[in-house]
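Below are the chains, spelled out letter by letter.
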Amino acid sequence: MEYRTLGRSGLKVSAIAMGTFSFGGVGAFSRVANQGVAEARRLIDCCIDGGVNLFDTANMYSLGRSEEILGEALGAKREKVLISSKARMRIGDGPNDEGTSRYHLIRECELSLKRLRTDHIDIYFMHEWDGLTPIEETLAALSTLREQGKIRYVGCSNYSGWHIMKALGVADARNLPRFVTQQIHYTLEAREAEYELLPISVDQGLGVMVWSPLAAGLLSGAFGRDRAPAESRQGAGWSEPPIRDKKRLWTIVDALEVIAKARGVTVAQVSLAWTLSRPAIASLVVGGLSEDQFRDNIAAVDLKLTDEELNTLNAVSRAPCIYPYWHQHNFASARFNAGDDALHANYADLGMM
């Protein structure tokens, strides 16, 4: 296993983290899986044996049941691993059962701690932007939780670029907790994060964690133009991630299959290895239904793609260079920094546009 520093913190996280989205199977989550304590324990032990030190959950996964199963399944092993959890999403019918208000965050953090059977959460994510709660209130609540020892580090998830920069600006100006990480969706098929989120991460020191790095299995090798397994999130009608251009998706899968066959590895490993090669990436949060799937994904850490292979995958998947980036590419490239390069390096072979 490879361990990467999480942003500008001193925390080391495994390049592959275990996602617990499939624990519990309550409500709509039953479309994904219904893993109980015994099955979760086997998968957790498999991941720990493979060097995984980070386990990711959220208060809304199966309405808290995922946290309960993770806490019970980890048992005494909890002290040797890291746990990340999240709050923000609606978890009830009340007017304060969602958001990042002081009331909601402190209540939900304390409930998560009870479910997880622990006295602290190592990384606490704001699961989504809340435009109704002042960011000052959110960060002050996180400061309280950190001072109480209930959380160690804070992060955001699914924020847009201006949301992140607003939060970081307020944190710096008021000496409030600063995000050290963001958890985002980013794959060969979904590269929109390169416009703002990856450059911000490089420039501002946020270690990126990626959720659903195999696009709910679409980039695992199980799917193709003429094959779609019934036992999958997509097959069960789960709508994330949305695929807007299926022709492009299958072109990407074709390229992955050619490289995988030539290297004697799996399509999933090639896909994950590409993502691990990208700027600011700290950890990929993978889920799975079997020990074999987790072992296969963990093995991706040892796969280093050649420049030729990376260029091939970039050519079939890169996002269009939209405005203002094409203008910057044409006239500002002589003064780019590392943050700029997180996007513009993708177009280095295109010259002026």
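Student: Would you mind showing me how to read the packing of aromatic side chains here?
Tutor: Within a pair of aromatic rings, the relevant descriptors are the distance that separates the centres and the angle that separates the planes. For the coordinates displayed, the defined rule picks out 9 aromatic pairs. Between the aromatic rings of Phe-21 and Tyr-61, the centroid separation amounts to 5.0 Å while the plane-to-plane angle is 75°, which identifies the pairing as edge-to-face. Placement of the pair is Phe-21 in the loop between strand S3 (16-19) and helix H1 (37-49) and Tyr-61 in the loop between strand S4 (54-56) and helix H2 (65-74), with a sequence separation of 40 residues. The exposure class of Phe-21 is buried, given its relative accessible area of 16%. Aromatic pair Tyr-186 and Trp-274: ring centres 5.6 Å apart, planes at 45°, arrangement tilted. In this pair, Tyr-186 is assigned in the loop between strand S8 (181-185) and helix H6 (197-204) and Trp-274 in helix H8 (residues 267-276), connecting sequence segments 88 residues apart. The exposure class of Trp-274 is buried, given its relative accessible area of 1%. Here the aromatic residues Trp-129, Tyr-159, Trp-162 and Phe-179 are joined through ring pairs into a cluster of three or more.

Student: Sorry if this is basic, but what is going on with unusual backbone geometry here?
Tutor: Glycine aside, residues mostly have negative phi angles, and peptide bonds mostly take the trans form. Residue Pro-324 is bonded to the preceding Tyr-323 through a cis peptide linkage, with omega at 5°. By secondary structure assignment, the location of Pro-324 is in the loop between helix H10 (307-317) and helix H11 (325-331). Its identity as a non-glycine residue notwithstanding, Arg-117 has a phi of 60°, on the positive side. Positionally, Arg-117 belongs in the loop between helix H3 (102-116) and strand S6 (121-126).

Student: What am I meant to see in the environment of Arg-178 here?
Tutor: With respect to the helices and strands, the residue Arg-178 is situated in the loop between helix H5 (161-174) and S8. In this structure, Arg-178 is in contact with Arg-8, Val-154, Leu-168, Ala-171, Asp-172 and Gln-204, ignoring residues within four places of it in sequence. Only 2.9 Å separates the side chain of Arg-178 from the side chain of Asp-172, close enough to count as a polar contact.

Student: Explanation requested: the packing of helix H4 (residues 135-147) against H5 in the structure shown.
Tutor: The description of two helices packed together rests on the angle between their axes and the distance between the axes. Between H4 and H5, the least distance of the axes is 10 Å, while the angle of their chain directions is 60°. Pair H4 / H5 crosses with right-handed handedness. Contact residues: Ile-135, Glu-136 and Leu-139 in H4; Lys-166, Ala-167, Val-170, Ala-171 and Arg-174 in H5. Split by residue class, the contact of H4 with H5 holds 5 nonpolar, no polar and 3 charged.

Student: In this structure, what is going on with the pairing of S3? I would like to understand it.
Tutor: Successive side chains on a regular strand alternate, one facing one side of the sheet and the next facing the other. Covered by surrounding structure in S3 are Ile-16 and Met-18 together with Ala-17 and Gly-19, the residues of both alternating faces. Strand direction decides the pairing type here: S3 and strand S10 (residues 281-286), joined by 3 bridges, are parallel. In the sheet register, Ile-16 faces S10, and the bridge partner there is Leu-284. Of the pairings in the sheet, the one linking S3 to S4 comprises 2 bridges and is parallel in character. Across the sheet, residue Gly-19 finds its bridge partner in S4, namely Asp-56. For the crossover that starts at S3, traverses H1 and ends in the parallel S4, the hand is right-handed.

Student: So what exactly am I meant to see when it comes to the pattern of salt bridges here?
Tutor: Note on pairing: side chains with opposite charge can pair once their charged atoms come close. Under the defined criterion, the tally for this structure stands at 24 salt bridges. Residue Arg-4 pairs with Glu-2 through a salt bridge whose shortest N-O separation is 3.0 Å. You can call Arg-4 buried: its relative accessible area is 14%. Residue classification places Glu-2 among the partly exposed positions, given a relative accessible area of 26%. The partner of Arg-244 in a salt bridge is Glu-192, with the nearest N and O atoms 3.7 Å apart.

Student: For this particular structure, what's the right way to read the environment of Ala-300?
Tutor: Turning to its location among the elements, Ala-300 is positioned in the loop between helix H9 (291-298) and H10. On the basis of relative accessibility, which here comes to 0%, the residue Ala-300 falls in the buried class. What Ala-300 contacts, discounting residues up to four positions off in sequence, is Gln-269, Leu-272, Ala-273 and Leu-276.

Here is what the cut-offs are and how they apply
Residues numbered from 1 in each chain as written. Predicted model: local features only at pLDDT ≥ 70, side-chain atom pairs only at ≥ 80, totals over all residues. Heavy atoms only, no water. Phe/Tyr/Trp six-rings, centres within 6.5 Å; stacked < 30°, edge-to-face > 60°. Helix = DSSP H or I, 4+ residues; strand = E, 2+ residues; numbered from the N terminus. Buried < 20%, exposed > 50% of the residue type's maximum accessible area, 1.4 Å probe, protein only. Contact = heavy atoms within 4.5 Å. Polar contact = N/O pair within 3.5 Å; in protein donor to acceptor, adjacent residues only side chain to side chain. Axes fitted to C-alpha atoms, helices over the stretch in contact; angles between N-to-C directions. Left-handed = near helix turned anticlockwise from the far one by under 90°. Nonpolar A, V, L, I, M, F, W, Y, C, P; charged D, E, K, R; others polar. Pairing = 2+ DSSP bridges. Right-handed = clockwise from strand over helix to strand, strands pointing away. Salt bridge = Lys/Arg side-chain N within 4 Å of Asp/Glu carboxyl O.

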